[in-house]
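# Coordinates in review
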Amino acid sequence: MPIHSGARIFVESLLREKVEVVFGYPGGKVIPLYDELYDAPIKHILVRHEQGAAHAADGYARSTGKVGVCIATSGPGATNLVTGLATAYMDSVPVVAFTGQAPTSLIGTDSFQEIDIRGITLPVTKHNYMVTNVKDLAKTIKEAFYIARTGRPGPVLVDLPVDVLKSHADFMYPQSVNLPGYQPTYEGNYMQIKLAAEAINTSQRPVIFAGGGVINSNASEELTNMAIKGRIPVVTSLMGLGAFPEDHELSLKMLGMHGTMYANYAISEADLIIGIGVRFDDRVTGKLETFAPYAKIIHIDIDPAEVNKNVKVDIPIVGNAKNVLDKLIPLIKAIERKEWLEKIKEWKRRFPLNYEYDDNNIKPQYLIEKLDELTDENTLIVTEVGQNQMWAAQYFHFSKPRSFITSGGLGTMGYGLPASMGVQVGNPNKTVINISGDGSFQMNLQELATISSNRLPVKIIILNNGTLGMVRQWQELFFDERYSGTILENPDFVKLAQAYGIKSLRIDQTNDVEMALKEVLNYDGPVLLDVIIPQDENVFPMVPEGASINEMLELKKKKREKEKQGEVA
Amino acid sequence: MRHILSVTVNNQPAVLARISGLFSRRNFNILSLNVGETELPEYSRMTIVVEANTDTLEQVKKQLYKLIDVIKITELNQSNMIERDMAIIKVNCGKNQRSQVIQVVDVFRGKVVDFSLDTITVEITGDENKINAFIEIMKDFGIKEVVRTGIVAIDREMNNNVLTNS
C-alpha cells in the first residue's frame, strides 16, 4: 500500500473508475489536484465557466452511457456547478462533480471562497459528500461513482478540503461498496410481470409510453421487440426520443404539450398504458384528472417513488426496464390489433405534424427536416431549450437511443452548447449538431472558446428569431401579445464566432438552406450557422398549460381564429 | 391524519439536514422530529410525526427511502406503540399557590425540578394529550416558559409468553 497525497489518491481513484476525460476549471483550492492531473493519463478539458463543465460532463454521460466528471474550485466555482447538477438530477444523468473546499481548519469561518456546497446541492444531487480525512478519500470516490451510475442514475458531488488533498495516506481502492441504505431493485416481481402480461394480452387498445429510463437501462432493443411482437404502438416522452425507431409504423413519436396529435389521441383513447422508465411529468400528462381516462396503467420503473407519484398505477413493477422487459416479452402474445392500429393510422393521416412552408422565409421546421434528410444515423442532436428544442424533437427522426441530448426536466437554457462539447468529446467520430436558439445560445456562449481551442467539430445552428421564442409564443397566445421582456437585441453571431476562430455563415433565404447545411456538415471543424427565421413562428400543436392533452391548439385552428377576428374587425 | 415513522439512519453529519430538507422541499407537513443515537453507535433513530393522507404518506416513505443514509423505515401502529413527549414548564407561582400546583403535578405524575420565590419548574412525561392537558391547567397559574421534546416512540414488543405469564 503506497503512501500518496490526497491529490494523487484522487487521480488514482479516477483511473480505477476508468475515467478518460474530465471537464473543469481550476482555482486556488484545487491547485494540488490540478498539479496531479498535469501528469495523469486523463484528458482535461478546460471550460470557460464551471456551468459549462457540468453540462459537458452531463452531455458526455448521456451520449456514452458512462459517468461524466467535472471539477470546480471552492466557493463561486462550486456554486457555478449548481445549474448543471440540477439539470442532471432532473433527467437522471450519472455525473460525479468534485469541488475544492477551504481547509478543514477554516470551515465554518466564512473563509475566502468558502461555501457550504454540500448544503447547497442537497436537493439537486442523488447524494453528496465532504471528505474530511484523507483516509476516507478512495472509499468515498468509489461510493460516489457507484451511486451515480447504479439504480436510478444521478449526480453525486464530492467536496474536497484542500488540506485533505495535501495530506497523505495509504492508497487502496476498495473492491466493493457497503451501503446498507442503498439497495436498488433490479429484478421486477415476477407475479407483477405476469399480471402485466395478462393485462397486455387482453387489451384492445394498448399504448407503450417509453421514457428516459429505457435509454438509461439500454433497453431500446427489448422495447422494440416487445412493441413489434405485441403490435403495440409506442409514444415517447422528450427524454425517451430515440428509444424506439421513429420511422417504424408503430411509432407515434412524442406525446404531451408539444407532442403529435396522434400520440395524444392514442393515449386519450387507450385502454392500457404501459409506462416504461417514465415519470408522468406534467408536460406529458396535461390535466391529470383527464389523462388517459379509459386506461389501466402499468408502470415499470427502477425508482419506487415514481410509482403513484403523479398518476395512480394499476400494475406497478419496480425494476430495471431491460430486466423486466426480458421477462415480460416471452409472456406477450402476438396479436394483430387491427382495429386499433387502423384507427391510429387514420389519426396519423388526418393530423400530421405540419407547418406552412414559405419560399422566402426560412421555416425552422423546414430546416430541421432538411437536416434530417442530409444526415445519417451517426448524428447526435443536442438542443437548447425552447422552440428550437421542440422543433428538433418534432421534425428530426430519431432512430437510435442516445442520439437526442436535451435538458428535459429542468429545461435549462444554455445547456446545449456546453453539452455538445461533452457529446463530441465522448463521440469523436460522430457528427454532433447543437440546435440552438438565439436566447439560449447567449447563456453559455463563452464555451465557443473551449470548442475552438479543442477543435471540437461541433456544428452550431442558431435558429435566430430575435426573441425568447417560447415565452413570446405564450405571450402571443395567452397574454394578449404583450411581449414583455422577450425581444432581444443580438450581436452579430457570425462575427462573434469568427472572433473565436470558428467558421461561420448566415442564411435568411429558404433556397440557401440545403447548400448551407451541406457546407456545415462537410466542414471538418467547428462551425456556426446563423439562420434568420420569422419572429412569429410558433410551435404547434400545443396543449395549453393545465388543459387535457387531447385539447390541442393546432396550426389551422389558430389561423382560422385569426381570420375570424379579421372578419369581425 | 397523524402518522409516526421510526426511521433508522446513518449517524453522520448532515443526515438531519437531508431529512428535514426533503420534507420542506417536497412540501410534506412535519409535526415533530426527534433524533438520537441507537443501540448501535453507527446509527441514529428518528421519530418523525407527519400529517398526511395515505397517498402523501406513501410518497413520504418512498422519498425517504431514496436517501442513501436512510436504512430502515417503520410506521408505528398507533394502537401498539409506546409514545412519549416530555415538557419542562416554568409556572408563575407564589408561596400561596405552591401546594395547589404540586397537587396537580402529583395527579399527572410530574416532577418538580426547581423552585424560586415566585416560580416553580415542573417536568412531565407522557403522551401528547396528557402533556397538552397538563399545560391547559397550568395556564391558570400563568406559564412563563415551556419546552417540549416532541414525540419519541417505539413499538410494543409482541411476545405472547410475557403476556400470559404476567
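Throughout, residues of each chain are indexed from 1 in the direction in which the sequence is written. Throughout, the order in which chains and ligands are written sets their labels, letters from A for the former and numbers from 1 for the latter. Where local features are concerned, this predicted model is filtered to residues with pLDDT of at least 70; where side-chain atom pairs are given and counted, the filter is 80 or more; whole-chain, interface and lining totals use all residues. No hydrogens and no water enter the side-chain calculation; it runs on all heavy atoms of the structure.

An unreviewed UniProt entry annotates chain B as Acetolactate synthase small subunit of Petrotoga miotherma DSM 10691. Looking at the Catalytic activity (unreviewed entry) heading of the UniProt record, one finds this comment for chain B: "2 pyruvate + H(+) = (2S)-2-acetolactate + CO2". UniProt positions are given in the numbering used here, feature names are shortened, and annotations may be inferred rather than shown by experiment. Under the UniProt heading Sequence similarities (unreviewed entry), the entry covering chain B gives this text: "Belongs to the acetolactate synthase small subunit family."

Going by an unreviewed UniProt entry, chain A carries the name Acetolactate synthase and comes from Petrotoga miotherma DSM 10691. Listed in UniProt under the heading Catalytic activity (unreviewed entry), the comment for chain A reads: "2 pyruvate + H(+) = (2S)-2-acetolactate + CO2".

The subject of this paragraph is a nonpolar patch on the surface. Residues and elements named next belong to chain B. Judged by side-chain polarity, Ile88, Val113 and Val147 come together as a nonpolar surface patch covering roughly 220 Å² of accessible area. Numbering of helices and strands runs from the N terminus, with a helix taken as a DSSP run of H or I at least four residues long and a strand as a DSSP run of E at least two residues long. Relative to the helices and strands, Ile88 is located in strand S5 (residues 81-92). Since its relative accessible area comes to 34%, Ile88 is described here as partly exposed. A patch consists of residues whose relative accessible area exceeds 30% and which take part in no salt bridge; residues with like charges are grouped when within 9 Å of each other, and nonpolar side chains (Val, Leu, Ile, Met, Phe, Trp, Tyr) when within 5 Å. Surface exposure here means Shrake-Rupley accessible area, sampled with a 1.4 Å probe, where a residue is shielded only by the protein chains that are shown. Here, a salt bridge means any side-chain nitrogen of Lys or Arg that lies within 4 Å of a carboxyl oxygen of Asp or Glu. Each residue is placed in one exposure class: buried if its accessible area under a 1.4 Å probe, protein chains only, is under 20% of its type's maximum, exposed if it is over 50%, and partly exposed if it falls in between.

Residue and element names in this part refer to chain B. An automatic or database domain assignment is the source of the domain bounds shown. Along its sequence, chain B is carved into domain 1 (1-74) and domain 2 (82-153). In this structure, domain 1 and domain 2 have C-alpha centres spaced 29 Å apart. Contact criterion: two residues are considered in contact whenever any of their non-hydrogen atoms come within 4.5 Å of each other. With 6 residues of domain 1 in contact, the opposing surface of domain 2 contributes 7 residues. Interface area lost by domain 1 to domain 2 is led by Arg2, Asn34 and Thr47, which between them contribute 67%. Note that Glu83 and Arg2 form a salt bridge whose closest N and O atoms lie 3.2 Å from each other. Think of a polar contact as two N or O atoms within 3.5 Å of one another; within protein, one of them needs to be a possible hydrogen donor and the other a possible acceptor, and neighboring residues in sequence only count if both atoms come from side chains. Inspection of the region where domain 1 meets domain 2 yields 6 residue pairs in polar contact (both at pLDDT 80 or more). Only strand S1 (2-10), strand S2 (29-37) and strand S3 (43-51) provide two or more residues apiece to the side of domain 1 that touches domain 2. Class assignment of the residues belonging to the side of domain 1 that touches domain 2 gives a composition of 2 nonpolar, 3 polar and 1 charged. Note on terms: buried area is the combined drop in 1.4 Å-probe accessible area of two parts once they are placed together, counting the loss on both. Charged residues are taken to be Asp, Glu, Lys and Arg, nonpolar residues to be Ala, Val, Leu, Ile, Met, Phe, Trp, Tyr, Cys and Pro, and polar residues to be all remaining types, Gly included.

Okay, the nonpolar core next. Residue and element names in this part refer to chain A. Nonpolar cores were defined as sets of buried Ala, Val, Leu, Ile, Met, Phe, Trp, Tyr and Cys residues, with membership established by side-chain atoms within 4.5 Å. Phe10, Leu14, Leu33, Phe98, Phe145 and Leu160 are the most contacted members of the largest nonpolar core, which has 39 residues in total. For this core, the secondary-structure elements that each account for two or more residues are helix H1 (6-16), helix H2 (31-37), strand S4 (68-72), strand S5 (95-101), helix H7 (137-149), strand S7 (155-161) and helix H8 (162-166). At 7 residues, the largest contribution of residues to this core is made by H7. Setting aside its immediate chain neighbours within four residues, Leu33 contacts Ala7, Phe10, Ile71, Leu160 and Leu165.

Glancing now at the interface of chain A and chain B. Taken together, the contact between chain A and chain B spans 20 residues of the former and 19 residues of the latter. Buried surface at the junction of chain A and chain B, summed over both partners, amounts to about 1,500 Å²; 52% is from carbon and sulfur atoms. When the buried surface of chain A facing chain B is broken down by residue, A:Leu122, A:His127 and A:Gly181 rank first, second and third, together holding 30% of it. The interface formed by chain A and chain B holds 2 salt bridges in total. At the boundary of chain A with chain B, the tally comes to 7 residue pairs in polar contact (both at pLDDT 80 or more). Looking at side-chain class alone, the side of chain A that touches chain B contains 10 nonpolar, 4 polar and 6 charged residues.

Okay, the UniProt feature "domain: Thiamine pyrophosphate enzyme N-terminal TPP-binding" (unreviewed entry) in chain A next. The sites that UniProt annotates as "domain: Thiamine pyrophosphate enzyme N-terminal TPP-binding" (unreviewed entry) are residues 5-117 of chain A. As annotated, residues 5-117 of chain A has a helix share of 42% and a strand share of 19%, and its two end C-alpha atoms lie 23 Å apart.

The next point concerns H7(A). All names here are of chain A. In a regular helix each residue adds 1.5 Å, so 13 residues correspond to 18 Å; H7 covers 19 Å between its end C-alpha atoms and thus fits that length. Within H7, 10 of the 13 residues are buried, which leaves the element mostly enclosed by the surrounding structure. When we look at burial in H7, the residues that qualify are Leu137, Ala138, Thr140, Ile141, Lys142, Glu143, Ala144, Phe145, Ile147 and Ala148. If you follow the buried residues of H7, they end up packed against H1, S4, S5, strand S6 (127-130) and S7. Looking one or two places after H7, you find Gly151, whose phi comes out positive at around 55 degrees. One less than the number of residues in a helix, times 1.5 Å, gives the span that helix is expected to have.

A few words now on the sheet that holds S1(B). Residue and element names in this part refer to chain B. Strand pairing requires that DSSP identify at least two bridges connecting the strands. Across the sheet, which stays open at both edges, the 4 strands sit in the order S2-S3-S1-S4 with antiparallel pairing between neighbours. Each edge of the open sheet is held by one strand with a lone partner, namely S2 and strand S4 (70-76). Here the average twist between neighbouring strands, direction ignored, is 20 degrees. Two elements, S1 and S3, share 9 bridges in a ladder whose sense is antiparallel. Residue pairing for S3: Ile4 is matched across the bridge by Val49. Axis definition: a line fitted to C-alpha atoms, limited for helices to the stretch in contact. Angles are taken between N-to-C directions and run from 0 to 180 degrees. Those strands touched by helix H1 (residues 15-25) are S1, S2, S3 and S4, and its axis lies near 15 degrees from that of S3. Against the sheet, helix H2 (residues 54-66) makes contact with S1, S3 and S4, and its axis sits at roughly 160 degrees relative to S4, the strand it touches most.

Further remarks concern the sheet that holds strand S20 (residues 527-532) of chain A. Residue and element names in this part refer to chain A. Overall, parallel pairing links the 6 strands, which are arranged S16-S15-S17-S18-S20-S19 in an open sheet. With one partner strand each, in any of the chains shown, strand S16 (404-405) and strand S19 (503-507) form the two edges of the open sheet. Where strand S15 (residues 379-383) and strand S17 (residues 431-437) come together, 5 bridges link them in parallel fashion. The residue of S17 that forms the bridge with Ile381 is Ile433.

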